[in-house]
Each structure stands twice: as structure tokens, then as C-alpha cells.
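Here is what each chain is made of, one letter per residue.
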Amino acid sequence: MIFSQPYNTPMVSRSPVKGPARKGNKTAARRGRDASAAWRPGQDSRARIVKAAIKLFGERGYDRTTVRAICEVADANPGLVPYYFAAGKEELWRAAAEESIGQYVAELTLVLTRMEHAPLQVRLETVLRTLVTAAAKYPELHRFVQTAADGSNADRHDWMVERYSRPSSAGLCELFEEGRAVGLLPDVDVPTFMYMAVGAATLPYMLHRDVEKVHGVDVFDDDVVRRHADAMIATF
């Protein structure tokens, strides 16, 4: 599967709490300042919460992930969640989907658009390489997608499919059909080929801990990623 738009969070400055501390109670005053600051939005508070949400929703799925657990991983006060995400956990899940799926699809869409007039073989090789490099950059993405598909809320999965999967898959299938028609790709059903290619591109990064323990290979090493992409192009 494949998938839309990154978030940019503006910096909101923090100002110190004004007013003198009572004599003999400086520690309490300092604690008050620290607690007050923890409740204020900062430059990276929202980003940390979304990043933690991507991780936990990907590992546990929606139903078994709590807002409190997300905030513990993000080292953020749970009171910031309704500040950033008015609808609570559901809106946070959608923000996590936007961030994780969006980055990946944005790169793919950019490549498809920029290479529109390039020779077909160059377009195919570039897209296959981008599937690998993007998967290496966003390893949580496909776990997130998988757990969304396995969740109890069909509407949530349908939203993700209509917003991300269907539009991005259409662009890939169109390109792969061109390649199949002229013999540059195997003569197999195009959707099947698309999932074969996406699976081959992403699986090592989804299973990176296993790969490292069994084979002693760091799949995120730049040279390993490059050789993985080369192998994809040679295979397909």
C-alpha cells in the first residue's frame, strides 16, 4: 500500500512565569514554573505526540493504544492532546496517518510527476528505487497501515484507503501497465505486481530487528539501501 502531506508545526515561544517567589519557597516556585511550561504548546510538542502515535498505533493497533501511553512515549502532558487534537484519540490517529502515509506518498507523487516525460525504463527504475528509499525513511508506515486494516473500525480503514491508497495506487498501476505492455515488466496482473514490488521494497525495514539479529545487517545503512534498490531493479 501507499500513501499524504507532512505537518509543519510553527514555533510558539515560551515565556517565563512572572512574579516573585515567596521567600523560603524557591523550590516550590520553580516546580510551578516547570509544571506550567509542560502544559504550554512548544515547538516540538505536537510533533513528538504524533511520532509516538505512529509508533504505538503501528505496534498495537488503534484499540490497544491509549492516549496516556502515547504521551508517556512522547514525554508530553496528556493535557496537550485535546489542545492539539480537539476530537481526541480519533483525530490524533488521523494526524498520525497524515504524517506517516503522507511523507511516503508525497515522495512517490513527486517522482511520478517529475519523471512524466522521461523514457519509460528510466521512470520504472526511478520509481522502484524510490519505493525502497522511502520505505527505509519511513519504516513505521506499513505497520501503521497493516494495523489500521486489522482494526475494529471499518470506517477508519475506508477513510485511509480513499484518501491515500486508491489515488497513489492508481499512479503506480498506470506506470506498471505501461511497462508490462512493452515487456519491461513481467506479464502478470498489474495490481499483483504492484504489491509484489511494494512488499519487496518494504519488508526488510518492517523486519529490521530480525534482519540484524539473524544476518548482522543494518538495513538502514546507506550502502545497504542502495544495494537493495539495485537488486529490486535487477529482479523486476
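Whatever comes next refers back to the structure up there.
The shown structure was predicted, so the numbers you read here are calculated from the model rather than taken from an experiment.

K.L.:
Pulling in residues and values, what's your account of the overall build of the chain?
P.N.:
For the chain, the helix and strand inventory stands at 11 helices and zero strands. Helices and strands in the chain line up, N terminus first, as α-α-α-α-α-α-α-α-α-α-α. Out of the 236 residues in the chain, the part that is buried amounts to 41%. Split by element, the accessible area of the chain, about 13300 Å² in all, is 53% carbon and sulfur.

K.L.:
Pulling in residues and values, what's your account of the nonpolar core?
P.N.:
One recurring pattern in soluble globular proteins: nonpolar side chains tend to sit buried together. In terms of nonpolar packing, the biggest core is built from 64 residues, with I49, W93, I101 and F176 touching the most fellow members. For this core, the element with the highest residue contribution is helix α5 (residues 89-114), accounting for 10 residues.

K.L.:
I'd like a description of the packing of aromatic side chains, backed by residues and values.
P.N.:
The final tally for this structure, using the stated rule, is 10 aromatic pairs. Between F57 and F144, the aromatic rings sit 6.4 Å apart at their centres with planes inclined by 80°, giving edge-to-face as the arrangement. Placement of F57 in helix α2 (residues 45-60) and of F144 in helix α7 (residues 141-150) is noted, with a sequence separation of 87 residues between them. As far as the burial class goes, F57 and F144 line up, both buried. On the basis of an interplanar angle of 20° and a centroid distance of 5.6 Å, the ring pair of W93 and F144 is categorised as stacked. Taken together, the residues W93 in helix α5 and F144 in helix α7 connect sequence positions 51 residues apart. Of the residues examined, F144 reaches a relative accessible area of 0% and is grouped as buried. Between the NZ or CZ atom of K89 and the centre of the ring of Y62, over which it lies, the distance is 4.2 Å.

K.L.:
Talk me through unusual backbone geometry; I want residue IDs and the actual numbers.
P.N.:
Backbone geometry at D75 places phi at a positive 55°, although glycine is not the residue there. Mapped onto the elements, D75 comes out in the loop between α3 (67-74) and α4 (80-84). Given a relative accessible area of 65%, D75 falls into the exposed group.

K.L.:
So what's going on with the side chain of S100? Which residues, and what values?
P.N.:
Relative to the helices and strands, S100 is located in helix α5. What makes S100 buried here is its relative accessible area of 6%. There is a polar contact of 2.9 Å between the side chain of S100 and the backbone oxygen of A96. Each residue touching S100, except ones within four places of it in the same chain, is listed here: I54, L141 and F144.

Scoring rules and cut-offs
Note that residues are indexed from 1 along each chain, following the sequence as it is written. Only residues with pLDDT of 70 or above have their local features reported here, since the model is predicted, and side-chain atom pairs are shown and tallied only from 80 upward, although totals for entire chains, interfaces and linings are computed over all residues. The basis for the side-chain values is all heavy atoms of the structure; hydrogens and waters are excluded. For helices the rule is a DSSP run of H or I covering at least 4 residues; for strands it is a run of E covering at least 2, with both sets numbered from the N terminus onward. For each residue, the accessible area found with a 1.4 Å probe, counting protein chains only, is set against the maximum for its type, and the residue is called buried under 20%, exposed over 50%, and partly exposed in between. In these tables, accessible area is a Shrake-Rupley quantity obtained with a 1.4 Å probe, and a residue counts as shielded only by the protein chains included in the view. To define a nonpolar core, start from buried Ala, Val, Leu, Ile, Met, Phe, Trp, Tyr and Cys residues and group those joined through side-chain atoms within 4.5 Å. Classification of ring pairs rests on two measures: the distance between centres of Phe, Tyr or Trp rings, Trp counted by its six-membered ring, which must be within 6.5 Å, and the angle between planes, read as stacked under 30 degrees, edge-to-face over 60 and tilted in between. The rule is short: NZ of Lys or CZ of Arg within 6 Å of the ring centre and within 35 degrees of the ring normal puts a charge over the ring. Nitrogen and oxygen atoms within 3.5 Å of one another constitute a polar contact, given that in protein one can donate a hydrogen and the other can accept it, and given that sequence-neighbouring residues count only through two side-chain atoms. We call two residues in contact whenever any of their non-hydrogen atoms come within 4.5 Å of each other.

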